[in-house]
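Per-entry structural report
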Amino acid sequence: GANAKKAAVMVAGAGRGAIENVYIYSPGHAVMLFAGVGTQGGPFDVKDSSFQSSDVTNTYAALKIVGIWYNMNFERVHMRGGLANVLTTNSSGGLWKFSDARWDIGGKHAWKAVMGWMDPDDGQPNSFFPVGGQVFLKNIQTALGTDIMWDMVGFDATFEDCSVADATPGVGPDSTAKFGYDAPYTSNVGSLILRDTAFLASSNQRVGTNWVGAAAN
């Protein structure tokens, strides 16, 4: 069933993990990667698979990432979620790579980042948890999200050969893509790199890219 803290497939860090050649379909989150208190997940490899949620309430994601993860690689992984295709909840790490896939957006976002000081496991403040991380996306196609399609505040992001279609008129606030550092991380400086990729202003007249917080590199 649908539960915001559970998924059809749940993987707990730490240690090496992999998912290959599977189709995962759920009324709630399809897959959750969960690194608990004091642990770090990864490396983790996912190939030739599909993560989908049947959610129509914009509550659940195809992939939810919680905690600290390093060296994750997703190749040819199709995603479709309600709230987001990828939902990061108090997540950080480095070298997250997504490549060679079409993502269908069933609701709001292709990527939704939720940041904060609270440890998601025990609800206690932790000033070292987290400060985003590096995300690389190559040859990813997305279309028709009804909110900010790439809401990646708190992450350093590189897009290469990505296609973003936002043609649905009259829906969605703010921008097609949003980056930078929001409170409490406004003293940090992030980076956004676009190679052969454009986040265009759409027919609903929202801006293409919105940077918040500190200046970008």
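Below you will find a few notes about this structure. Per-chain numbering applies: the sequence of each chain, read as written, is numbered from 1 onward. The model is predicted, so local features are restricted to residues of pLDDT at least 70 and side-chain atom pairs to those at 80 or more, both for listing and for counting; the totals for chains, interfaces and linings are taken over all residues. The basis for the side-chain values is all heavy atoms of the structure; hydrogens and waters are excluded.

1. A word on the nonpolar core
Using the following cut-off: The nonpolar core is taken to be a set of buried Ala, Val, Leu, Ile, Met, Phe, Trp, Tyr and Cys residues, with the residues joined through side-chain atoms within 4.5 Å. With a 1.4 Å probe rolled over the protein chains alone, any residue whose accessible area is under 20% of its type maximum counts as buried; one over 50% counts as exposed, and the rest are partly exposed. Secondary structure elements follow DSSP: runs of H or I no shorter than four residues count as helices, runs of E no shorter than two count as strands, and numbering proceeds from the N terminus.
Judged by nonpolar contacts, the single largest core of 41 residues is most densely connected at Phe 51, Phe 98 and Trp 150. Listed by contribution, the elements that provide at least two residues to this core are β4 (29–34), β5 (41–53), β6 (61–80), β7 (84–104), β8 (109–114), β9 (134–143), β11 (156–160) and β13 (175–180). For this core, the element with the highest residue contribution is β6, accounting for 8 residues.

2. Some details on the environment of His 109
Position of His 109 among the secondary structure elements: in strand β8. For His 109, a relative accessible area of 3% translates into the label buried. Spatially, the C-alpha atoms of His 109 and Trp 150 are 6.4 Å apart, while their sequence positions differ by 41 residues.

3. So, the pairing of β13
For a regular strand, side-chain orientation follows a simple rule: the groups alternate between the two sheet faces. Definition in use: By the convention used here, strands pair only if DSSP detects at least 2 bridges between them.
Where burial is concerned, most of β13 is hidden: 6 out of the 6 residues are buried. Bridging between strand β10 (residues 150–151) and β13 involves 2 bridges; their strand directions are parallel. Among the inter-strand pairings, Asp 151 is bridged to a residue of β13, identified as Lys 178. The pairing of β13 with strand β15 (residues 207–212) spans 5 bridges and is parallel.

Keep in mind that these numbers describe shape and distance, not what the molecule does.
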